[in-house]
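# Structural description and commentary
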Amino acid sequence: MPGHDQHRTTFGPIVVDLARVLLAAERGDADEAVRRHSTVVRREAWRRLPAEYRGAYLVDAARVYLQVGDLRGAARALVDADSVAPAEVRCRPLARTLIADVARAQPAPAGVARLATLVGLTR
């Protein structure tokens, strides 16, 4: 089956596509990164990746959404990351920084205030 990880290495076309999203962001083309992201997370292969991999990627995607000024997109990515791999959000310094950045918006997007409290950024 095309795109199937028959050797269970967690490497295949989906991982290459995720890397392309992050590479577009690193090149400074956040709009392309957001477009690619929205396509790649709808694929079946995305759901078959390990939860930790998806969570870490979603934290990186939140950074891309912030680059384009989309607070709701960033919040959604962080909340989704927390739902699939809480440790990726609650323990990674980058995630904590992103949560703080998104939580500063008034009002904070849905779910981010809860995350800020969970990671100890607010009381």
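Calculation criteria
Residues numbered from 1 in each chain as written. Predicted model: local features only at pLDDT ≥ 70, side-chain atom pairs only at ≥ 80, totals over all residues. Heavy atoms only, no water. Helix = DSSP H or I, 4+ residues; strand = E, 2+ residues; numbered from the N terminus. Rg over C-alpha atoms; globule rule 2.2 N^0.38 Å. Phe/Tyr/Trp six-rings, centres within 6.5 Å; stacked < 30°, edge-to-face > 60°. Axes fitted to C-alpha atoms, helices over the stretch in contact; angles between N-to-C directions. Left-handed = near helix turned anticlockwise from the far one by under 90°. Contact = heavy atoms within 4.5 Å. Nonpolar A, V, L, I, M, F, W, Y, C, P; charged D, E, K, R; others polar.

## What about the overall build of the protein chain?
Scanning the protein chain for helices and strands turns up 8 helices and 0 strands. Order of helices (α) and strands (β) in the protein chain, N terminus to C terminus: α-α-α-α-α-α-α-α. Compactness check: the protein chain gives a C-alpha radius of gyration of 15 Å against a globular reference of 14 Å for 123 residues, within 12% of the reference. The principal-axis extent of the C-alpha atoms belonging to the protein chain is close to 50 × 30 × 20 Å.

## A few points about the packing of aromatic side chains
Applying the stated criterion across every chain yields a total of 1 aromatic pair. Aromatic side chains tryptophan 46 and tyrosine 57 sit 5.5 Å apart centroid to centroid with 70° between the ring planes, which places their arrangement in the edge-to-face category. Pair noted here: tryptophan 46 is in helix 3 (residues 44–48) and tyrosine 57 is in helix 4 (residues 51–67), with a separation of 11 residues, a long-range link.

## Some remarks on the packing of helix 4 against helix 7 (residues 93–103)
Two elements in contact, helix 4 and helix 7, have axes separated by 10 Å at closest approach and are oriented at 35°. Judged by the twist between their axes, the crossing of helix 4 over helix 7 is left-handed. Note on element contacts: helix 7 touches helix 4 through Leu94, Ala95, Leu98, Asp101 and Val102, opposite Val59, Asp60, Ala62, Arg63 and Leu66. Here the residues of the contact of helix 4 with helix 7 sort into 7 nonpolar, no polar and 3 charged.

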